[in-house]
Amino acid sequence: MLTNSTANTNITNNSVQCPDYRHTHHLHMVVYSLVLAAGLPLNVLALWVFLRALRVHSVVSVYMCNLAASDLLFSLSLPVRLSYYALHYWPFPDLLCQIAGAIFQMNMYGSCIFLALINVDRYAAIVHPLRLRHLRRPRVARRLCLGVWALILVFAVPAARVHRPSRCRYDDGEVRLCFESFSNELWKGRLLPLVLLAEALGFLLPLVAMVYSSVRVFWTLARPDATRSHRRRKTVRLLLVNLFIFLMCFLPYNSTLAVYGLLRGQLVVASEAARDQVRGVLMVMVLLAGANCVLDPLVYYFSAEGFRNTLRGLGTPLRIRTLATNGARKTLAERPTETTDNTIPDATSQALLGPSYPQTPFIQFPQDSAL
């Protein structure tokens, strides 16, 4: 007992003084409380609509469903973060800190990729409706999503390893900090290469794909021979909302993180005061990145007609809703669930390939039923 007591005393005496992060903790606690209160029910509802209510899974709805799952996973990790910000120290096992830190990285880069896939799908449907139609199948979309989950899980392993709590000393004894206070040795070692690689694959590549596909779609829809239709307006709205969420939530955080990493890794020389200022900006930008799980459901509601109609149907009387559901199931049973090589391009693509005639009936195919 005496030996253990002496060892603990030496550890406490050798611990560094904890930095005062309480002002940022208060801000994070308020914002993450709002994110949890809104994001958890919204994403649970979104998953229920995609998995239970909607019987036809289009390519876009597959991506949206996986995006909602990623956001829900992050929302479920917020209670432990709120406990940390309320207490100003980590009261849970170290493994829980590592898991919570890895989940944040998984959500951020997974959301970047899923948002980019939605815009790339619209690019394939509108700019190259015939050449890339074999890629616009729900089966292909599910395999792509499986690959995305595998990729972010692989990166979650080293992310969890670097998120071990750090020990420091308050006036009343030694405590552990989580999500912050990474040592200079860690930044100079494996943390900076990990951050730069994750940003290149999980942020920069999706950013390039999203901007390129969106610009090409806007350019195609702006041609004089492109038919102006309601579906065209919904496509433009979907791309704009995705771009807004991507640029507002992820661009500020990842840009600031790259600058902060270069400063902490001492690849860019700066004073300690400058590093502290960049860190202060980073602590605000991380809140924008976390807020994406509240904004993403807006994409589902305003861009997915099937999703919106399902939510509106929840307010109808039970008998009417049951009859409508049975009728929809009967209609969908007569439709193919996936396209074949002989499938006609979707309505938007047809409007772009040739002139539109008033007497031509509107045809909606399963792969575009989410729009």
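Rules used in this analysis
Residues numbered from 1 in each chain as written. Predicted model: local features only at pLDDT ≥ 70, side-chain atom pairs only at ≥ 80, totals over all residues. Heavy atoms only, no water. Patch = residues over 30% accessible without salt bridge, like charges linked within 9 Å, V, L, I, M, F, W, Y side chains within 5 Å. Areas by Shrake-Rupley, 256 points an atom, 1.4 Å probe, with all protein chains shown as cover. Salt bridge = Lys/Arg side-chain N within 4 Å of Asp/Glu carboxyl O. Helix = DSSP H or I, 4+ residues; strand = E, 2+ residues; numbered from the N terminus. Buried < 20%, exposed > 50% of the residue type's maximum accessible area, 1.4 Å probe, protein only. Core = buried A, V, L, I, M, F, W, Y, C linked by side-chain atoms within 4.5 Å. Contact = heavy atoms within 4.5 Å. Pairing = 2+ DSSP bridges. Disulfide = S-S within 2.5 Å. Axes fitted to C-alpha atoms, helices over the stretch in contact; angles between N-to-C directions. Parallel < 35°, antiparallel > 145°, perpendicular 65-115°, else oblique. Left-handed = near helix turned anticlockwise from the far one by under 90°. Nonpolar A, V, L, I, M, F, W, Y, C, P; charged D, E, K, R; others polar. UniProt positions renumbered as here; feature names shortened; annotations may be inferred. Polar contact = N/O pair within 3.5 Å; in protein donor to acceptor, adjacent residues only side chain to side chain. Phe/Tyr/Trp six-rings, centres within 6.5 Å; stacked < 30°, edge-to-face > 60°. Lys NZ or Arg CZ within 6 Å of the ring centre and 35° of its normal.

## Observations concerning a nonpolar patch on the surface
Okay, step 1: Together, Leu 151, Leu 197, Leu 201 and Leu 205 make up an exposed nonpolar region whose accessible area comes to about 330 Å².
Okay, step 2: Residue contributions to the nonpolar patch peak at 3 residues, all from helix α7 (residues 184–221).
Okay, step 3: Along the polypeptide, Leu 205 turns up in helix α7.
Okay, step 4: Exposure remark for Leu 205: the relative accessible area of 51% places this residue in the exposed category.

## Points about unusual backbone geometry
Okay, step 1: For His 88, which is not glycine, the phi torsion reads 70° and is therefore positive.
Okay, step 2: Looking at the element boundaries, His 88 is found in the loop between α4 (78–87) and α5 (94–126).
Okay, step 3: Look at His 88 and you get buried, because its relative accessible area is 14%.
Okay, step 4: A positive phi angle, near 60°, is found at Gln 266, a position not held by glycine.
Okay, step 5: Checked against the element boundaries, Gln 266 lands in the loop between α8 (230–264) and α9 (272–290).
Okay, step 6: For Gln 266, a relative accessible area of 48% puts it in the partly exposed group.

## Description of the nonpolar core
The tendency in soluble globular proteins is for nonpolar side chains to be buried as a group.
Okay, step 1: Ranked by size, the top nonpolar core spans 88 residues in total, and within it Tyr 253 and Tyr 300 carry the most contacts.
Okay, step 2: In terms of residues, this core owes the most to one element, α5, which gives 15 residues.
Okay, step 3: Leave out the neighbours within four places in its chain, and Tyr 300 touches Asn 43, Ala 46, Phe 50, Met 64, Leu 67, Ala 68, Asp 71 and Phe 307.
Okay, step 4: Ranked by size, the runner-up nonpolar core spans 8 residues in total, among them Tyr 123, Ile 126, Val 217 and Leu 221.

## Observations concerning the pairing of strand β1 (residues 166–170)
Okay, step 1: Bridge analysis of β1 against strand β2 (residues 173–177) gives 5 bridges, and the strand direction is antiparallel. Within β2, the position partnered with Arg 167 by the bridge is Arg 176.
Okay, step 2: Linking two consecutive strands that pair antiparallel, namely β1 and β2, is a turn of 2 residues.

## Examining the state of the cysteines
Okay, step 1: By the definition in use, this model includes 2 disulfides.
Okay, step 2: Here Cys 18 pairs with Cys 168 through a disulfide, and the sulfurs are 1.9 Å apart. As the torsion about the S-S bond is roughly 95°, the Cys 18-Cys 168 disulfide counts as right-handed. Here Cys 18, found in the loop between α1 (2–14) and α2 (22–53), pairs with Cys 168, found in strand β1; they are 150 residues apart in sequence, far enough to count as distant.
Okay, step 3: Note on Cys 168: relative accessible area 3%, which makes it buried.
Okay, step 4: Between the sulfur atoms of Cys 97 and its disulfide mate Cys 178 the distance is 1.8 Å.

## Observations concerning the packing of α2 against α4
Okay, step 1: At a minimum axis separation of 9 Å, α2 and α4 run at an interaxial angle of 155°. Here α4 runs roughly antiparallel to α2, going by the angle between their axes. When the axes of α2 and α4 are compared, the crossing they make is left-handed. Facing His 25, His 28, Met 29, Tyr 32, Ser 33, Val 35 and Leu 36 of α2, the residues of α4 in contact are Leu 78, Pro 79, Arg 81, Leu 82, Tyr 84, Tyr 85 and Ala 86.
Okay, step 2: Broken down by class, the residue content of the contact of α2 with α4 amounts to 10 nonpolar, 3 polar and 1 charged.

## Re the UniProt feature "transmembrane region" (unreviewed entry) in the chain
Okay, step 1: Using the residue numbers shown here, the UniProt feature "transmembrane region" (unreviewed entry) corresponds to residues 29–51, 63–87, 99–120, 140–160, 191–215, 236–260 and 280–302.
Okay, step 2: For residues 99–120, helix accounts for 100% and strand for 0%, while the C-alpha atoms at its two ends are 31 Å apart.
Okay, step 3: The distance from the first to the last C-alpha atom of residues 236–260 is 35 Å, and the span holds 100% helix and 0% strand.

## Topic: the side chain of His 88
Okay, step 1: Here His 25 takes part through its side chain, which lies 3.0 Å from a polar atom of the side chain of His 88.
Okay, step 2: If sequence neighbours within four positions are ignored, His 88 has contacts with Arg 22, His 25, His 26, Tyr 170 and Leu 177.

## Looking at the packing of aromatic side chains
Aromatic ring pairs: the centre-centre distance and the angle between the two ring planes describe each pair.
Okay, step 1: Tallied over the full model, the rule gives 16 aromatic pairs.
Okay, step 2: Note on Trp 90 and Phe 179: the rings are 5.7 Å apart at their centroids and 85° apart in plane angle, and the pair reads as edge-to-face. Taken together, the residues span a long stretch of sequence, with Trp 90 in the loop between α4 and α5 and Phe 179 in the loop between β2 and α7 at a distance of 89 residues.
Okay, step 3: Of the residues examined, Trp 90 reaches a relative accessible area of 1% and is grouped as buried.
Okay, step 4: With relative accessibility at 14%, the residue Phe 179 sits in the buried group.
Okay, step 5: Judged by centre distance (6.0 Å) and plane angle (50°), the rings of Phe 114 and Trp 149 are tilted. Placement of Phe 114 in helix α5 and of Trp 149 in helix α6 (residues 138–162) is noted, with a sequence separation of 35 residues between them.
Okay, step 6: Assessed through its relative accessible area of 0%, Phe 114 is described here as buried.
Okay, step 7: A connected cluster of aromatic rings, assembled from ring pairs, spans Tyr 32, Phe 74, Tyr 84, Tyr 85, Trp 90, Phe 92, Phe 104, Phe 179 and Tyr 253.
Okay, step 8: Sitting over the ring of Phe 179, Arg 81 keeps its end group 4.0 Å from the ring centre.
Okay, step 9: Residue placement shows Arg 279 over the ring face of Tyr 21; its charged tip is 3.8 Å from the ring centre.

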